[in-house]
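These are the residues of each chain, in order.
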Amino acid sequence: MFISYAWTTPEHREWVRLLASCLKAVGYDVLIDVDVDYGNDLNGFMRTAIECRHVLVVADENYVDRAENMPESGVGIETRWFSDVYWQKPPTWLSILYKDNPAFKRPSWMQDSNPKGHSFNVNHEAQDFPGSYQIEDLWRWIEGLSANRDHMVSMATLRQRVKRLEEIDQLRDPNTWSNPSLNAEVCFKYNRSPRNIFSLGYGQFGFDIDISGCGADSVYVYRDHVHAVGINRTTTTEHQALGEQLSPGRTVTANVGDQVILQNKQGALCLVDILEVQREETSPTWVEAFVRFSYRVLLDT
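Residues numbered from 1 in each chain as written. Predicted model: local features only at pLDDT ≥ 70, side-chain atom pairs only at ≥ 80, totals over all residues. Heavy atoms only, no water.

**Q** For the packing of aromatic side chains, give the residues involved together with the corresponding values.
**A** Under the counting rule described, the total for this entry stands at 11 aromatic pairs. Look at F82 and W93: their rings are 6.0 Å apart centre to centre, the planes differ by 80°, and that puts the pair in the edge-to-face class. Taken together, the residues span a long stretch of sequence, with F82 in helix 4 (residues 74–85) and W93 in the loop between helix 4 and strand 4 (94–98) at a distance of 11 residues. Neither residue differs from the other here; F82 and W93 are each classed as buried. Ring plane angle 55° and centroid distance 6.4 Å describe the contact between Y220 and Y222, whose orientation is recorded as tilted. Judged by relative accessible area, which is 29%, Y220 ranks as partly exposed. Members of the aromatic cluster, each reached through a chain of ring pairs, are W177, F188, Y190, F198 and F293. Sitting above the plane of the W7 ring, R13 keeps its charged end 3.7 Å from the centroid. The ring of W15 has K99 lying over it, and the distance from NZ or CZ to the ring centre is 5.0 Å. (Phe/Tyr/Trp six-rings, centres within 6.5 Å; stacked < 30°, edge-to-face > 60°. Helix = DSSP H or I, 4+ residues; strand = E, 2+ residues; numbered from the N terminus. Buried < 20%, exposed > 50% of the residue type's maximum accessible area, 1.4 Å probe, protein only. Lys NZ or Arg CZ within 6 Å of the ring centre and 35° of its normal.)

Put into structure tokens, the structure is as follows:
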């Protein structure tokens with residue numbers, strides 16, 4: 001992006017530099033004439049300027065006067081470049097930023113082309129001072145978006161946006177990933193849950209089961225958010241036998257049909273039966289990963 005302007009006053013030059021900084025902060029590459037010495041590489045600078053994707057003309061009254069009456073000035077030279085190639089460029093190539101130019105004057109060659117204009121004039125009486133609103137207008141022009149904010153997004157699109165926002169907010173809500181019942185069946189889409197955690201039970205009988213995908217019919221169950229995990233290799237629910245099967249490791253691999261033992265940090269136990277495992281698939285269509293399990297909190301522990 002190239003900014004063309006007149007060196008009207010030090011304050012004006014400072015304003016243009018600030019504008020360039022704002023556009024750079026947004027993420028655009030910005031070139032202004034002070035970056036190149038006219039006398040050293042005029043032709044190279046001309047090619048760089050006219051090959052930029054966008055040209056912003058900061059048209060204060062002095063700029064227009066120089067373009068009309070001082071053909072050998074920097075503004076006069078740039079004006080010739082722009083007028084020579086303007087008709088070969090797309091309509092969004094050049095735009096005018098009116099600054100200290102209440103009459104909205106512009107160089108005569110622009111009368112027929114009528115490029116897009118943005119007012120950065122200050123109106124002290126109306127307390128109108130250009131700022132972020134005008135920068136957004138400029139950004140909308142650069143990116144080819146509608147200038148009319150009132151009609152830039154359809155109501156249907158707004159509803160879709162709201163729906164997506166609500167869905168993500170719901171996924172972030174811990175209550176979405178919890179069940180205070182002491183026994184229930186759960187279908188857990190673990191990749192959607194923050195930290196892959198589902199909370200079972202409550203209080204001293206609360207358990208945070210931490211799951212991630214493993215194989216086609218298995219998942220990893222971690223001890224990070226409880227005290228210990230294990231796989232029940234017996235048919236007993238006798239507490240001592242269950243405790244002996246808890247693993248000192250960080251994780252156990254649970255297959256469909258396995259019963260996972262959870263011990264929370266209060267020493268209570270919960271049995272989790274792995275009923276179904278669906279790993280994520282991307283072909284031929286996307287299928288979301290989930291694990292379906294039932295659980296039972298052992299109250300007498």
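**Q** How would you explain the sheet that holds strand 9 (residues 205–213) if you had to name every residue and give the values?
**A** With respect to topology, 5 strands assemble into an open sheet ordered 6-8-9-10-13, the strand pairing being mixed. The sheet terminates laterally at strand 6 (178–179) and strand 13 (251–255), the two strands that pair on one side only. As paired elements, strand 6 and strand 8 (residues 197–202) share 2 bridges and run parallel to each other. Note that in strand 8 the partner of N179 across the bridge is L200. (Pairing = 2+ DSSP bridges.)

**Q** Describe helix 3 (residues 61–69), with residues and values.
**A** Among all positions of helix 3, only Y63, V64 and A67 are buried. All buried residues of helix 3 lie within an arc of 95° about the axis, which places them on one face of the element. Of the surrounding elements, those touching the buried residues of helix 3 are strand 1 (2–4), strand 3 (55–59) and helix 4. (Arc of directions from axis to C-beta. Contact = heavy atoms within 4.5 Å.)

**Q** So what's going on with the pairing of strand 14 (residues 259–263)? Which residues, and what values?
**A** If a strand is regular, its side chains alternate between the two faces of the sheet. Of all the 5 residues making up strand 14, 5 are buried; the element is thus mostly covered by neighbouring parts of the structure. Both faces of strand 14 are covered, namely the face carrying Q259, I261 and Q263 and the face carrying V260 and L262. Pairing analysis gives 4 bridges linking strand 11 (residues 228–231) to strand 14, with the strands arranged antiparallel. The residue of strand 14 that forms the bridge with I231 is V260. Of the strand pairs in this sheet, strand 14 and strand 15 (residues 269–278) are connected by 5 bridges, and their pairing is antiparallel. Across the sheet, the residue bridging to I261 is L271, located in strand 15. Linking strand 14 back to strand 15 in an antiparallel pair, the connection comprises 5 residues, with G267 at a positive phi of about 90°.

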